[in-house]
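# A look at the structure
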Amino acid sequence: MNEEQQLIVETAKRIFVDQCAKPVVDAAEAGEFPNGLWNTLEETGLTLAGIDLEAGGSGGEMADALLLVREAGAAAAPIPLAEHLISAALLAAKNITIPKGIITIALVSGDQDSSGSLRGKVHQVTYSEVAQSVLWVTSQGFVLTPNIDIPWSRIAGISGESWASLDLDLTPIQGEFVPLTDAGQLARQLGAATRINLMSGAISRVLEMSVQYVSDRVQFGRPLAKFQAIQHQLAILAGEAAACQRCADAVLTADNQLDIAIGKARTGEAVTLVSDISHQVHGAIGYTLEHALNLRTRRLWQWRDEYGTEREWQILIGKQFCKTGAESLWAEITKAG
Amino acid sequence: MFQFEPVSLPAAAEALRLEVRAFIEAELPADYLRNSDFNTGDSAELSRKLGQRGWIGMTWPKAYGGSERSFLERYVVTEELLAAGAPVGSHWIADRQSGPQFLKFGTEEQRQKYLPAITRGECYFSIGMSEPDSGSDLASIRSIATKTEGGWLLNGSKIWTSGAHLNHYMIALVRTAPASDNRHAGMSQVIVDLADKNVTITGIKNLAGDTDFNQVFFDDVFIPDDHIVGQPGNGWDQVMSELGFERSGPERFLSAFRVLVEFVREVGSEPNDEQAALIGRLLAHLITLRRMSVSVAGMLQAGKMPNVEAALIKDLGNTYERMVPEIIRQLTPGEVSPRFVDTLNQCILHAPSFTLRGGTREILRGMIARGLGLR
């Protein structure tokens with residue numbers, strides 16, 4: 001991390017400690033958006049971290065944004081920081097001034113029709129309840145519209161954040177189409193990079209919480225931490241956390257599809273072990289709504305499914321390496337760095 | 001909690017990689033059944049040729065035959081040899097841990113005597129740690145050297161000693177004082193000449209039917225005073241340092257790599273989705289492990305002692321290499337080549353050793369837990 005990034009991370013940590021305690025997350029899940037938290041992040045320029053100054057951003061590089069997103073993951077922050085930052089990055093790529101307010105992003109399966117309306121379908125749109133604008137991204141461009149009178153149909157998400165869908169064939173979206181080469185793939189990669197960082201942040205925090213809990217909790221006359229069965233479980237958890245962090249560090253530039261595929265596949269797979277072990281060592285208290293562990297594990301269970309499940313990315317990796325074949329397998333691995 | 005900072009390999013290391021690849025292609029016969037398990041193939045001829053290239057003892061001072069190259073360059077050479085499935089067993093232990101022990105704890109005379117020969121690929125070492133009644137509980141060893149005129153008389157035995165029947169020497173951890181309340185006191189590392197007439201080496205067949213490891217008996221073996229490595233009584237601390245060298249390398253996650261290569265060959269350039277997903281899953285693990293292992297090489301280069309990080313990679317890596325044959329076998333296409341079957345079966349047969357050698361999974365997890373502050 002450079003100095004700028006250390007500053008961003010330290011500032012974010014402080015803000016989340018002050019303004020993202022469990023009652024804030026609970027209230028958000030009950031429908032009360034944490035405007036105070038969002039406004040603080042906006043005032044400090046963090047909601048546009050890593051976005052070009054010329055487009056109205058805070059300057060810096062994509063890594064700044066993703067390191068910030070990792071902190072949001074650790075804090076289980078119930079805000080569309082990732083969605084807003086990805087949208088801003090795409091707008092900035094075309095030097096378009098970023099509108100005020102929250103932007104969310106919708107990946108469109110189709111394209112513009114002859115009348116200029118977007119057609120196709122969108123799924124898994126997050127924070128559709130609170131966004132003021134929507135960035136509709138097709139394979140080769142995007143349209144920015146206000147989020148007004150859009151008949152979203154929502155599914156309650158496992159994290160408390162909903163997934164919204166829309167059939168654009170029934171509700172065509174109109175607006176100025178801005179061409180951007182490979183916009184769809186770019187948005188998908190950026191989205192996956194944010195999920196990898198959200199997950200890595202949350203997993204590191206889950207490890208810390210688990211270490212703390214087993215050190216404090218006394219059973220059979222000694223802390224749980226002193227039981228070998230518990231120690232070995234946490235050793236496995238620490239291995240997964242370290243691997244996920246290494247994956248998250250590898251996608252900070254968000255410009256390499258293979259790194260993103262590896263990160264999403266590896267980190268998503270880790271969620272199974274991480275949630276299993278952390279809940280097991282926390283016992284029944286960790287299964288309560290009251291305990292803060294579930295704020296992370298429920299989000300992990302959602303983030304692993306967003307922007308491609310493990311399997312989708314595994315297939316992409318597998319096909320890519322099979323194309324070059326067995327004799328080149330090792331050379332391709334070392335090329336991946 | 002544990003940091004594995006990204007490290008990119010310098011251009012010199014990448015240039016070296018191509019040299020190693022060309023060397024392997026020229027040296028390995030086309031019909032050689034490649035095995036990326038460092039412990040399953042040995043060739044004194046190949047080791048000597050590697051020595052001529054300066055690829056043994058690479059990081060050691062030139063005064064002792066080394067090349068004074070970086071840990072990152074050494075990393076590249078070791079991973080290239082393993083990935084290609086070259087028979088590296090002869091010199092592996094001497095290069096990885098015996099030589100570094102001499103550099104760290106040995107006398108000038110010992111360094112002069114052994115290191116140049118090791119770097120030439122002509123002098124091979126075995127590890128003398130486990131005993132019949134002392135496995136993971138290494139501090140309970142009973143082999144004992146008693147003081148005599150000009151040296152020590154060694155009695156007892158070591159077990160699971162890979163390559164003792166092929167190698168020249170063993171660095172053995174033995175008692176040089178009777179056991180006391182301080183279980184880590186009174187131990188020393190000594191050099192045992194495996195050709196000594198009072199040393200008896202008995203092969204033990206592993207479950208694959210190979211005789212790789214042995215029991216080594218010491219019957220009044222005379223150990224001259226100058227065959228003690230480091231300080232008498234300091235053996236325990238020295239062994240802990242030695243195990244740090246033993247754990248972080250690519251041999252801890254590449255043992256099953258040739259199975260993956262042969263699987264990719266079998267499925268061809270157009271795998272079905274299930275096969276592609278399996279290959280992608282294994283590669284996502286492998287590439288991440290490799291990146292973490294390069295981070296540790298970077299820590300070694302920076303003069304750090306990443307013992308817990310090494311234990312963590314070994315545990316993750318061993319878990320991965322145990323998983324590879326287990327899931328690949330289920331997706332094997334109907335008609336497969338004898339080469340694929342041989343490679344897969346060899347891996348399955350040797351896989352139980354992956355999580356035992358160099359520290360069991362249970363010992364490693366204990367170390368990681370200590371690193372987390374739990375014990």
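All values reported here derive from a predicted model rather than from experimental measurement.

## So, unusual backbone geometry
Residue and element names in this part refer to chain A. Of note, the phi angle at Gln124 is positive, near 55 degrees, even though the residue is not glycine. In this structure, Gln124 sits in strand E2 (residues 121-125). Residue classification places Gln124 among the partly exposed residues on the basis of 17 C-beta atoms within 10 Å. Residue Tyr307 is not a glycine yet carries a positive backbone phi of 55 degrees. Relative to the assigned elements, Tyr307 resides in the loop between helix H9 (293-303) and helix H10 (310-324). Overall, the presence of 25 C-beta atoms within 10 Å leaves Tyr307 in the buried class.

## Considerations on the domain arrangement of chain A
Residue and element names in this part refer to chain A. Domain boundaries assigned for chain A yield domain 1 (3-179) and domain 2 (185-327). Each of domain 1 and domain 2 was reduced to a C-alpha centroid, and the two centroids are 23 Å apart. At the junction of the two partners, domain 1 supplies 25 residues and domain 2 supplies 27 residues. Taken together, the elements giving at least two residues each to the side of domain 1 that touches domain 2 come down to helix H2 (22-29), helix H4 (62-74), helix H5 (81-93) and strand E1 (103-107). If one sorts the elements of the side of domain 1 that touches domain 2 by residue count, H4 sits on top with 9 residues. When the residues that make up the side of domain 1 that touches domain 2 are grouped by side-chain class, the tally is 16 nonpolar, 5 polar and 4 charged.

## A look at the interface of chain B and chain A
Taken together, the 41 residues of chain B in the interface contact 40 residues of chain A. Those elements that provide at least two residues to the side of chain B that touches chain A are helix H7 (257-267), helix H8 (273-301), helix H9 (307-328) and helix H11 (361-371) of chain B. Broken down by class, the residue content of the side of chain B that touches chain A amounts to 24 nonpolar, 8 polar and 9 charged.

## Some thoughts on the sheet that holds E2 of chain A
Residues and elements named next belong to chain A. Pairing within the open sheet is antiparallel, and its 3 strands lie in the order E2-E6-E5. Edge positions in the sheet fall to E2 and strand E5 (153-155), since each has one partner strand and no second. Here the strands of the sheet are splayed against their neighbours by 20 degrees on average, with no regard to which way each runs. Where E2 meets strand E6 (residues 163-167), 3 bridges bridge the pair, whose relative direction is antiparallel.

## Some details on the packing of helix H3 (residues 71-83) of chain B against H8 of chain B
Residue and element names in this part refer to chain B. It is at 8 Å that the axes of H3 and H8 come closest, and there the two elements cross at 145 degrees. From H3, Phe71, Leu72 and Tyr75 reach across to H8, where they touch Val294, Ala297, Gly298, Leu300 and Gln301. Split into classes, the residues belonging to the contact of H3 with H8 amount to 6 nonpolar, 2 polar and no charged.

## Remarks on helix H1 (residues 11-27) of chain B
Residue and element names in this part refer to chain B. For H1, with 17 residues, the first-to-last C-alpha span of 25 Å sits near the 24 Å given by 1.5 Å per residue. Where H1 is concerned, the buried positions are Ala13, Leu16, Val20 and Phe23. Buried residues in H1, looked at end-on, bunch into an arc of 75 degrees, giving them a common side. For H1, exposure combined with an orientation more than 90 degrees from the buried face picks out Ala11, Ala15, Leu18, Ala22, Glu25 and Ala26. Against the buried residues of H1 lie helix H2 (44-53) and H3.

## What about the packing of helix H7 (residues 228-250) of chain A against helix H8 (residues 257-282) of chain A?
Residue and element names in this part refer to chain A. Their axes nearest at 9 Å, the elements H7 and H8 cross at an angle of 155 degrees. On the basis of their axis angle, the class for H7 and H8 is roughly antiparallel. Seen along the crossing, H7 lies across H8 with a hand that is left-handed. On the side of H7, the interface is formed by Ile230, Gln233, Leu234, Ile236, Leu237, Glu240, Ala243, Cys244, Cys247, Ala248 and Ala250, while H8 contributes Asp259, Ile262, Gly263, Arg266, Thr267, Ala270, Leu273, Val274, Ile277, Ser278, Gln280 and Val281. The residue makeup of the contact of H7 with H8, split by class, is 15 nonpolar, 5 polar and 3 charged.

## Some remarks on the confidence of the model for chain B
Summarising the model, chain B shows a mean pLDDT of 96, and 100% of its residues fall at 70 or more. Interface confidence in the predicted complex, given as ipTM, is 0.97; pTM for the same model is 0.97.

## Examining the nonpolar core
Ranked by internal contacts, the top residues of the largest apolar core, which has 226 residues, are Leu90, Val137, Leu234 and Ala238 of chain A. Beyond its immediate chain neighbours, meaning those up to four positions away, Leu90 of chain A contacts Leu135, Val137, Phe142, Leu180, Ala183, Leu186 and Ala187 of chain A.

## What to know about the sheet that holds E1 of chain A
All names here are of chain A. Ordered by their spatial adjacency, 4 strands build an open sheet running E1-E3-E4-E7, and the pairing between neighbours is mixed. Each having just a single partner strand, E1 and strand E7 (177-179) make up the two edges of the open sheet. When the angles between neighbouring strand axes are averaged without regard to direction, this sheet yields 25 degrees. Note that E1 and strand E3 (residues 133-138) share 5 bridges and pair parallel. Within E3, the position partnered with Leu107 by the bridge is Val137. Across the sheet, H5 touches E1, E3 and strand E4 (141-146), and the angle it forms with E1 is around 75 degrees. Each of E1, E3 and E4 is contacted by helix H6 (residues 183-216), which is oriented at about 120 degrees to E3, the strand it contacts most.

Each value, and the rule that gives it
Residues numbered from 1 in each chain as written. Chains lettered and ligands numbered in written order. Predicted model: local features only at pLDDT ≥ 70, side-chain atom pairs only at ≥ 80, totals over all residues. Helix = DSSP H or I, 4+ residues; strand = E, 2+ residues; numbered from the N terminus. Buried ≥ 20, exposed ≤ 12 C-beta atoms within 10 Å, placed from the backbone. Domains from an automatic or database assignment. Contact = placed C-beta atoms within 7 Å. Nonpolar A, V, L, I, M, F, W, Y, C, P; charged D, E, K, R; others polar. Pairing = 2+ DSSP bridges. Axes fitted to C-alpha atoms, helices over the stretch in contact; angles between N-to-C directions. Expected span 1.5 Å × (residues − 1). Arc of directions from axis to C-beta. Parallel < 35°, antiparallel > 145°, perpendicular 65-115°, else oblique. Left-handed = near helix turned anticlockwise from the far one by under 90°. pLDDT = per-residue confidence, 0-100. Core = buried A, V, L, I, M, F, W, Y, C linked by C-beta atoms within 7 Å.

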